[in-house]
Structures are given as structure tokens and as C-alpha cells.
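Listed below are the residues making up each chain.
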Amino acid sequence: GKPGTIGKLAAGASQSELFAVLPDGSVGNAIRFDREGRMFVADYKKHNIFLVGPDGKNVETYFHSDDFNQPNDMTIATDGTIYASDPRWKQHDGQIWRVAKSADGNVVGEKMTAERPMSTTNGIDLSPDGKTLYVGESDTREIWSYRIDGARLLSAKLVKRFDDFG
């Protein structure tokens, strides 16, 4: 109904209902679910990734970084690792973040390195085997694939360039 809220549309319903309210000033963009059914929300205004409880009442900060430009879209690997696009719209560039639990159970995030400079990173997804990351770049209207090696994105390949937004 308004920025900072998440609605839920029940099967067969024609009207959504309020599901969750994000902390003041936060606005969600991407919503993804992990294999356990946990809901993650990228908050592009306040630089967070939230974990939302199953009833929508408990919204906790899963990861925050002041180094985020504005986390935009996400994908989640089978091991729970989150990959988030992080565009800088005004500079026409962006980056990808890798967010995962470390051996001690703490959630840590790091900017991934890539062999090529990226344009405005936006849409993102994983291949079914989880070894390839696909990244859409809004300004160039291109989709690139990268082989994932820890926090490195390797073997950049142009998958598709779109001539227009149609």
C-alpha cells in the first residue's frame, strides 16, 4: 500500500493485505526465499538485507553495509549464499555482493571482484547448478554470465544484448 510495506495476495483474492512493515525509512526492492522458505528483502534505501519472519511480524537485519550503493535484486544459492546486485545509477556502474554465513556463524558480506567493469547492475540469478551467475546491466541492456569462484566472478561472457526495452 505504501513504500516500506510488503503486501500479500492470497490465492483467488483480488485485494492484497498488509504482510510486513519494514523499519522506518527502509524500502524493499527484491524479495527472495531460501530453501527453508525464509524470506529475504533487499532494502535499497537503508542498505540492508532483511530476514522477515513467516508471519511478517519479525523483521530483522540479516546484513547491513554502509558500502552498499543500494542493494537491488538478489538470488540465493542452495547453500544459503545471497548474491545481490548493487547499482550506482548516477555513475552508470555497479557491483555484486556475496553475503554468507562464515564458519563462526556470523553473516559477512563482501564485494565480488570481476574481470570486467560492470555497468548498472540490476537483475541477477543463478544457473540451476549454482556455478554461474547471470547479471543484467540496465544501461547497456546486456546480460552477462560469470563463473563463480568464491568472491570472484570469472570468465565473463555476454549472453544477450537487447536493442530496446520492448
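Structure: see above.
Keep in mind the model is a prediction, meaning the values are calculated, not measured.

With that out of the way, let us pick up the sheet that holds strand β13 (residues 132-137). Here we have 5 strands laid out as an open sheet, ordered β11-β15-β14-β13-β12, and mixed in their pairing. Looking at which strands have only one partner, the edges of the open sheet turn out to be β11 (113-114) and β12 (121-126). Pairing analysis gives 4 bridges linking β12 to β13, with the strands arranged antiparallel. Within β13, the residue paired with Leu126 across the bridge is Leu133.

Here we come to the sheet that holds strand β10 (residues 107-111). One open sheet holds the 4 strands; their spatial order is β7-β8-β9-β10, and the pairing between them is antiparallel. Each edge of the open sheet is held by one strand with a lone partner, namely β7 (74-76) and β10. The mean inter-strand angle of the sheet, taken between neighbouring strand axes irrespective of direction, is 20°. Here strand β9 (residues 93-101) runs beside β10; their pairing, made up of 5 bridges, is antiparallel. Bridge assignment links Ala100 to a residue of β10, and that residue is Val108.

Basis of the calculations
- Residues numbered from 1 in each chain as written.
- Predicted model: local features only at pLDDT ≥ 70, side-chain atom pairs only at ≥ 80, totals over all residues.
- Heavy atoms only, no water.
- Pairing = 2+ DSSP bridges.
- Helix = DSSP H or I, 4+ residues; strand = E, 2+ residues; numbered from the N terminus.
- Axes fitted to C-alpha atoms, helices over the stretch in contact; angles between N-to-C directions.

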